[in-house]
Amino acid sequence: MDAYDKGSDARQGLGRDGREGPPGPDDAAEQTGGSDGTEEASAPGETGETGKTGETVEVPEAREVPVAPSGPRTGFAALSPRYQVGAVAALVAVAVAVCAHIGLVFLHVAPSNTLTKEHGSAVDEWVFPEFEQNWKLFAPNPLQQNVAVQVRAEVGTADGGIRTTGWYDLSAEDGRAIDGNPLPSHTVQNELRRAWDFFVSSHDSEDRPVGLRGSLSETYLRRIALLRLDRNGAAGPGGVVERVQYRSRTTNVEPPPWSGEKVSDRPTYRELPWWSVTPERNDGNRDDGNRKDGARKDAGEGGAA
Amino acid sequence: MNGIALSVSRGIARATGAALGPYQTAVIRIGFAATWLLFLLRELPHRDELYGPGGPWSHDLAEQMVGDNGAFTALLWSDGRAWFEIVYALAVLSSLLLLLGWRTRTVSVLFMVGVLSLQNRSVFMGDGGDNVLHLMSIYLVLTRCGQVWSLDARRARRADAARARGERVVDRVGPVLWCVFGFLLLTVTLAGGMDGDWLVPVLLWAVWAALGLWWAVGRLAEGSQPRILLDVVTNIVHNGALVVIMAEACLIYATAGWYKIQGSRWQDGTAVYYPLHLDYFSPWPALSDALAASGTMVMLITYGTVAVQVAFPFTLFNRRVKNVLLAVMMIEHAVIAVTLGLPFFSLAMIAADVVFLPTSFLRRAGGWVARGRARLPGRLSAGAPGSGRDGGDRGGGTAAVPGPRTEPGAGPGDGKDSGEDSGRDGEDAGKRGGDAGERGEGSEETHVGFRA
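Residues numbered from 1 in each chain as written. Chains lettered and ligands numbered in written order. Predicted model: local features only at pLDDT ≥ 70, side-chain atom pairs only at ≥ 80, totals over all residues. Heavy atoms only, no water.

> Help me out: how do you make sense of the overall build of chain B in this one?
In terms of regular secondary structure, chain B is built from 22 helices and zero strands. Taking all 452 residues of chain B together, the buried fraction comes to 62%. Look at the contacts in chain B between residues 6 or more apart in sequence, and 78% of them connect residues 24 or more apart. Approximately 15900 Å² of chain B is accessible, and the part contributed by carbon and sulfur atoms is 70%. (Helix = DSSP H or I, 4+ residues; strand = E, 2+ residues; numbered from the N terminus. Buried < 20%, exposed > 50% of the residue type's maximum accessible area, 1.4 Å probe, protein only. Contact = heavy atoms within 4.5 Å. Areas by Shrake-Rupley, 256 points an atom, 1.4 Å probe, with all protein chains shown as cover.)

> Teacher, can you tell me more about the environment of Leu 90 of chain B here?
Tracing the sequence through the fold places Leu 90 of chain B in helix H5 (residues 81-100). Spatially, the C-alpha atoms of Leu 90 of chain B and Gly 114 of chain B are 7.0 Å apart, while their sequence positions differ by 24 residues.

> Would you take a moment to explain the pairing of strand E1 (residues 145-156) of chain A for this structure?
Two faces belong to every sheet, and in a regular strand the side chains alternate between them. All names here are of chain A. Buried residues dominate E1, accounting for nine of its twelve residues. Two elements, E1 and strand E4 (residues 240-252), share twelve bridges in a ladder whose sense is antiparallel. Residue pairing for E4: Gln 150 is matched across the bridge by Arg 247. Sheet topology note: the E1/strand E3 (residues 168-169) ladder contains two bridges and is antiparallel. Opposite Gln 150, over in E3, you have Asp 169 as the bridge partner. Of the pairings in the sheet, the one linking E1 to strand E2 (residues 162-164) comprises three bridges and is antiparallel in character. Within E2, the residue paired with Glu 154 across the bridge is Thr 164. Counted between consecutive antiparallel strands, the loop separating E1 from E2 contains five residues, among which Gly 160 sits at a positive phi close to 90°. (Pairing = 2+ DSSP bridges.)

> Can you walk me through the packing of aromatic side chains in this structure?
Aromatic rings in a pair are described by how distant their centres are and how their planes are angled relative to each other. Counted by the stated rule, this structure contains 26 aromatic pairs over all chains. Between the aromatic rings of Phe 199 of chain A and Trp 275 of chain A, the centroid separation amounts to 6.0 Å while the plane-to-plane angle is 55°, which identifies the pairing as tilted. Taken as a pair, Phe 199 of chain A in helix H8 (residues 186-201) and Trp 275 of chain A in strand E5 (residues 268-276) lie far apart in primary sequence, 76 residues in all. Exposure class is identical for Phe 199 of chain A and Trp 275 of chain A. Each is buried. Each member of the aromatic cluster is reached from another via a ring pair, and the members are Trp 126 and Phe 131 of chain A together with Tyr 139 and Trp 198 of chain B. Directly above the ring of Tyr 259 of chain B sits Lys 136 of chain A, whose terminal nitrogen or CZ lies 4.5 Å from the centroid. (Phe/Tyr/Trp six-rings, centres within 6.5 Å; stacked < 30°, edge-to-face > 60°. Lys NZ or Arg CZ within 6 Å of the ring centre and 35° of its normal.)

> Even after reading the chapter, I still don't get the pattern of salt bridges, so can you show me in this structure?
Oppositely charged side chains may form a pair once their charged atoms are brought near each other. Residues and elements named next belong to chain B. Summed over the entire model, instances satisfying the criterion amount to 18 salt bridges over all chains. A salt bridge links Arg 165 to Glu 167, with the nearest nitrogen and oxygen atoms 2.9 Å apart. Assessed through its relative accessible area of 30%, Arg 165 is described here as partly exposed. Connected through shared salt-bridge partners, Arg 47, Asp 48, Arg 81 and Glu 85 make up one network. (Salt bridge = Lys/Arg side-chain N within 4 Å of Asp/Glu carboxyl O.)

> Is there a simple way to think about the layout of surface pockets in this case?
Here the idea is plain: a probe the size of a water molecule rolls over the atoms and shows the empty space left. When its volume is computed, the second largest pocket comes out at roughly 870 Å³. Along the walls of the second largest pocket sit 28 residues, with Val 94 of chain A together with Leu 142, Leu 203, Ala 206 and Val 237 of chain B positioned nearest its centre. When contributions to the lining of the second largest pocket are tallied by element, the ones reaching two or more residues are helix H5 (81-109) of chain A together with helix H7 (128-141), helix H10 (199-218) and helix H11 (225-261) of chain B. In terms of residue count, the dominant contributor to the lining of the second largest pocket is H10 of chain B (eight residues). Of the residues in the lining of the second largest pocket, the class split is 23 nonpolar, three polar and two charged. (1 Å grid on protein atoms, 1.4 Å probe; cavity = no way out; pocket = protein on both sides within 12 Å on 5 of 7 lines; lining within 4 Å. Points joined across faces, edges and corners; volume = space filled by probe spheres on them. Nonpolar A, V, L, I, M, F, W, Y, C, P; charged D, E, K, R; others polar.)

> What exactly am I supposed to notice about helix H8 (residues 151-164) of chain B here?
Along an α-helix, residues three or four apart share an orientation, since each turn contains 3.6 residues. Residue and element names in this part refer to chain B. Compared with an ideal rise of 1.5 Å per residue, which puts 14 residues at 20 Å, H8 spans 20 Å between its outermost C-alpha atoms and is within 8% of the ideal. Counting buried positions along H8 yields twelve of 14 residues, so the element is predominantly enclosed. Within H8 the residues assigned to the buried category are Leu 151, Asp 152, Ala 153, Arg 154, Arg 155, Ala 156, Arg 157, Arg 158, Ala 159, Asp 160, Ala 161 and Ala 162. A positive phi of about 85° marks Gly 166, the residue just after H8. (Expected span 1.5 Å × (residues − 1).)

> Would you mind showing me how to read the packing of helix H15 (residues 319-339) of chain B against helix H16 (residues 343-353) of chain B here?
Two measures define how a pair of helices packs: the angle their axes make with one another and the distance between the axes. Residue and element names in this part refer to chain B. Viewed as axis vectors pointing N to C, H15 and H16 meet at an angle of 165°, and their least axial separation amounts to 8 Å. When the axis of H15 is compared with that of H16, the two are roughly antiparallel. H15 and H16 meet at a crossing whose hand is left-handed. Touching Leu 326, Met 329, Met 330, His 333, Ala 334, Ile 336 and Ala 337 of H15 are Pro 343, Phe 345, Ser 346, Met 349, Ile 350 and Asp 353, all from H16. (Axes fitted to C-alpha atoms, helices over the stretch in contact; angles between N-to-C directions. Parallel < 35°, antiparallel > 145°, perpendicular 65-115°, else oblique. Left-handed = near helix turned anticlockwise from the far one by under 90°.)

> Got a minute to help me understand the confidence of the model for chain B in this structure?
As a note on interpretation, predicted positions should not be read in detail where pLDDT is low. Per-residue pLDDT for chain B averages 85, and the proportion of residues at 70 or more is 83%. Scored below 50 in pLDDT, residues 379-452 of chain B makes 221 contacts in the model with residues more than four places away or belonging to other chains. (pLDDT = per-residue confidence, 0-100.)

> Would you take a moment to explain unusual backbone geometry for this structure?
It is generally the case that most residues other than glycine have a negative phi and that most peptide bonds are trans. Residue Pro 129 of chain A is reached from Phe 128 of chain A by a cis peptide bond, and omega for that bond is 0°. Structurally, Pro 129 of chain A is set in the loop between helix H6 (114-127) and E1. With phi around 45°, Arg 103 of chain B is a residue other than glycine that occupies positive phi space. Overall, the relative accessible area of 2% leaves Arg 103 of chain B in the buried class. One non-glycine residue, Trp 149 of chain B, lies in the positive phi region at around 55°. Secondary-structure assignment places Trp 149 of chain B in the loop between H7 and H8.

> Is there a simple way to explain the state of the cysteines in this structure?
By definition, a disulfide links two cysteine residues through a covalent bond between their sulfur atoms. Evaluation of the coordinates by the stated rule reveals zero disulfides over all chains. Cys 145 of chain B carries a free sulfur, and the closest cysteine sulfur to it, the one in Cys 250 of chain B, is 20 Å from it. Judged by relative accessible area, Cys 145 of chain B falls into the buried class, the value being 1%. Sulfur of Cys 250 of chain B: no disulfide; nearest cysteine sulfur belongs to Cys 99 of chain A and is 14 Å away. A relative accessible area of 12% places Cys 250 of chain B in the buried class. (Disulfide = S-S within 2.5 Å.)

> I keep staring at the side chain of Arg 121 of chain B and nothing clicks. Help me out?
Residue and element names in this part refer to chain B. In this fold, Arg 121 is placed in helix H6 (residues 104-121). Asp 48 provides the closest opposite charge to the buried, unpaired Arg 121, separated from it by 6.9 Å. A polar atom in the side chain of Arg 121 sits 2.7 Å from the backbone oxygen of Trp 57. Among the polar contacts made by the side chain of Arg 121, one reaches the side chain of Ser 122 at a distance of 3.4 Å. (Lys, Arg positive; Asp, Glu negative; His and termini not counted. Polar contact = N/O pair within 3.5 Å; in protein donor to acceptor, adjacent residues only side chain to side chain.)

The following block contains the structure:
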C-alpha cells in the first residue's frame, strides 16, 4: 500500500490540474477545504448546488484538523512498553498467518511439485473446503470442442404402453437461452455443463462411478433430466417418465481458416446406459441411488456410439 | 544496524498505525457486494432451481456432499422452502447493506454467511466469478472496509458532531445487533449446525467476541491503553487481510497466465479464437465472428492476454506500469463480460482489480460520483441511502468521497484519517450513536472535528 499512498500525495496536484468540470464551484470547494481555518466562514456563504458541493468537500477536511493533535494518542507509539509487547505479538502472529495462508494457497494452485508431494495433505487440509480455487480457465488450452448433452426417455403411457422419446438436445436449448442474452443465467450456462463435467470427472472410461462423487453425479444428472424433460413436456398427457438415457455429442470447433489445420468435423458420441427414475423426484433419490447398479447392468456397455 | 532498527520501527508504525488503503478496501467492499447483489437479483426467478429445495441438486445430494467436504452452509439446517426464502432474502439484504456500509463489520459477516451458504449448498452451479466472491467474502470480514464511503463513516461524523455540541451519544443498534448475533450463534452451535469444517465457525465466534471487546473497551477513556491496543490489533488484522486480498488477486492472474504459457494454442496464437466459438460462451455469434475474423488480431490478443497475466504481479513494483496493466485488464474483463457472456465473473474480477488502483484516482472518482449525484436534482430528496433529510446531509453522506480533490495536502492526512476512522467501524458497537444521525444536521458537520 505504501506506494499508493505516497503516490497519491505526490500526484494530488496532477490530478487537480487534469480534472474536468466547471472551475467555479470546484475552485470554491477547493479553497474551502484547502485552508483548514477558513471553511467555516466560507461554507455558509455558498448557495444552492455549490453550497452542497462545498459542504460535501469540507467535512473530511474539517476532520483532519483535530486528527493531527490526537495523532500521537493512537498507534503503536502511544502504547506503554507492556502493551507494545502485545501489539508486536499480534503483528508477528498476523504476519505468520498471512505468509502461511498465501504459501498454502500458492502450493494449492501450483503444479504438483517437491513440496506438494511431501506436504500435499497439509495443503489440502487448509485449503479445503473454503479456500478451494481453480483459475485454469482456458488453460493450458481452451476447450476446443462443443459438447452437446442430450437426453431421451422411456415413457409409460396412459394406456399402459411404453414409448421412447426422441433425443432432446439440452445443450442446444441452453445455447438458445444464452444467445442474445447479456445476462445469461447460471441455470443455462453452468448447470448442465458443469453437471456433465462432474459426471465425466467422477467416472472411469467404462462409465463406472468413482467413489461418492460418482454416485452423486448420477443422481444429479437424473434429476436434471427429469426437470428438463418435464419442461419439454416429454411425458405427454398422462405419461410417466420411467427411464432416461444420456448421450454426449462432441464436435470439434473448426480451426480458424488461417491456421491451415484440419480436424474431423464428425461428431463423436458417448452414450450412457439407461437409468431408471422414479416419478416423485423428491422422494425417490435414495432409492434411485440404490437401484442404479441394477439399471446399469440392464443397459450393459453404453460406450461411445 | 541503526538503519535496520529504524526501518523496522518504521515498518511497525506503518503496519499498526492505520488500517491502510481505506479507499481501496471501501471500493472492493462496494464492488463485491454489488456483484453479488446484482447476481442474486438476476437469478431471483431461478433461485429455487439453483439453490432451493426444488432444484436438481437436491437437499439430499447437498447433504452428502457437505457431509463429505465439511463446507459451511446455513441452507442445510432445514430443507423447508420458508428457510430457503429467508436465507436468500438475507443474502440480498446483507449485500445491499454491505454496499451501503451499514454496520460494516457485522454485515460483512452476514454477507459471508450468505455467500457461503448459497454457493456451498450447490457447488456445481458456480463459475470462476463465484469462486472469487467466495474467497473475498471471507477476507472482507477481516478488513475495516467501512472507513470511507459508508453509512458507518457518516454515522461516525455525526456522532462526532453531536459530541462536539456536548450531546451524549448512545448507540442502541450496535448492542442489540451484537446480542442477536450472539444468540443466533449460540443456538446454531448448540444445535449442531456448525459441525463441519472448523474455519467458518471459529471466524464467526472470533468476530463476535471481538465486537463485544470493542464495545467494552469503547467505554474506557479515549486514550486508554487497552483501547489503543485493540485499535492497533484491528489495524494489523486489516492490513494482513489486505495483503492476502492483493496476493489472492496476483495468484489468480499468475495461475491463469503461467498455465496458459504451457498450452499449444496459446503458443500458436489461436487460443482466443476457440472460446469465441463455444456454444456456451458465445451469446453474440456475429460479434464473436467479427472479433475472430483477423488472425493477426487474435494472435495479438492471445499473446497480450498471457503477457499481461504473467507480468501483472511483477508490475506491482512499478506504479506506472501497474496502472497501465490494470486498465488493460479491466478493459479485457469488460470485453469478456459481453463477448463470452460472463458478466458476473467479469464484475467480480474487476472488483478484485480495483484494490490495486491508486488512492488519488479513487478519490477523484469518488468526487465525480458525488458531483454527479449533486447534479441530479431528483435524487436530492430521494436517493439518500440513510435518512438524510436535507441537502447538506446528503453532502455529508458522501463527504469522505470528494475530500481529496480539495487540497494537495490531503494525502498525508489519508493515513491519519483512516487511523482515526478505524475506531468507528460498525464494530465498536457501543460507543457511537446510531441515533446521532437524527440530530446531526448538515451545517454542523463543518464543525466536526475535535473529539473531546
